[in-house]
Amino acid sequence: MEFESKILSKSISEMLYNSDKTLGTAESCTGGRIAEAIIAVPGASNYFKGGIVSYTNEVKENLLAVSHEVLEKQTAVCEEVAKEMVIGAINALHVDYAISATGIAGPAGGTLENPVGTIWIGYGSKDDVRTLKLTDDFGRDINLAIATNTALKSMFAFLKEHEEDLKKD
């Protein structure tokens with residue numbers, strides 16, 4: 001695992017470890033890499049409940065309650081699916097926060113609308129889901145590393161913004 005992922009995971013750990021808040025993941029193209037980075041930090045079991053690798057639309061629909069219509073009309077590689085994956089993970093895993101990733105890491109599978117390297121990251125809470133889109137293609141391994149680090153960085157920034165919510169009463 002990359003050094004940057006370890007630093008970001010440690011930063012997330014420092015935010016969540018002594019709170020009563022929990023985190024989960026819903027990953028498609030990253031295949032569990034985000035969850036792997038999170039659990040690399042000792043003590044992650046205090047706040048990380050688990051992750052769902054939803055590599056197929058069937059799993060996205062059945063486990064994460066992603067809309068069949070959205071998958072049909074917009075494909076799995078869209079902002080709405082990234083958002084629905086976050087909410088689906090929050091509900092399925094009974095967590096406060098979740099991170100999602102859906103996209104085309106490559107080397108094949110791209111389309112004109114969604115070329116290789118298009119990856120949507122979702123993150124947040126039930127009341128505040130945010131997304132961002134990656135569009136550059138640096139090859140599969142680098143695309144996945146960038147998606148993982150971007151997801152962790154985004155979640156850490158979100159937690160920093162909501163630091164007051166993390167304090168125990």
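The chain appears in an unreviewed UniProt entry as CinA family protein from Segatella hominis.

Caption draft 1: Layout of the nonpolar core. With 28 residues, the main nonpolar core has Leu16, Leu23, Ile38, Tyr97, Ile121, Met155 and Leu159 as its most contacted residues. Per-element accounting of this core gives the leading share, 6 residues, to helix α6 (residues 140-161). In contact with Leu23, not counting residues within four places along its chain, are Ile12, Leu16, Ile38, Tyr47, Phe48, Lys49, Gly50, Val95, Tyr97, Ala98, Ile99 and Met155. Listed in part, the 16 residues of the second largest apolar core include Leu64, Val86, Ile90 and Val95.

Caption draft 2: Here's a closer look at the sheet that holds strand β4 (residues 119-125). Overall, mixed pairing links the 5 strands, which are arranged β2-β1-β3-β4-β5 in an open sheet. The strands lining the two open edges of the sheet, one partner per strand, are β2 (48-53) and β5 (128-134). For this sheet, the mean angle separating the axes of adjacent strands, direction not counted, is 10 degrees. Sheet strands touched by helix α5 (residues 79-93): β1 (23-27), β2, β3 (97-103), β4 and β5. Its angle to β3, the strand with the most contacts, is close to 140 degrees.

Caption draft 3: The arrangement of the packing of aromatic side chains in detail. Going through the model one piece at a time under the given rule, you end up with 2 aromatic pairs. Relative to Phe158, the ring of Tyr97 has its centre 6.0 Å away and its plane inclined at 75 degrees; by these criteria the two rings are edge-to-face. One end of the pair, Tyr97, is in strand β3; the other, Phe158, is in helix α6, and 61 residues separate them in sequence. For Tyr97, a relative accessible area of 4% translates into the label buried.

Caption draft 4: Broad picture of the pairing of β5. Relative to β5, β4 is paired through 7 bridges, and the arrangement is antiparallel. Residue pairing for β5: Ile121 is matched across the bridge by Leu132.

Reading the values: rules and limits
Residues numbered from 1 in each chain as written. Predicted model: local features only at pLDDT ≥ 70, side-chain atom pairs only at ≥ 80, totals over all residues. Heavy atoms only, no water. Core = buried A, V, L, I, M, F, W, Y, C linked by side-chain atoms within 4.5 Å. Buried < 20%, exposed > 50% of the residue type's maximum accessible area, 1.4 Å probe, protein only. Helix = DSSP H or I, 4+ residues; strand = E, 2+ residues; numbered from the N terminus. Contact = heavy atoms within 4.5 Å. Pairing = 2+ DSSP bridges. Axes fitted to C-alpha atoms, helices over the stretch in contact; angles between N-to-C directions. Phe/Tyr/Trp six-rings, centres within 6.5 Å; stacked < 30°, edge-to-face > 60°.

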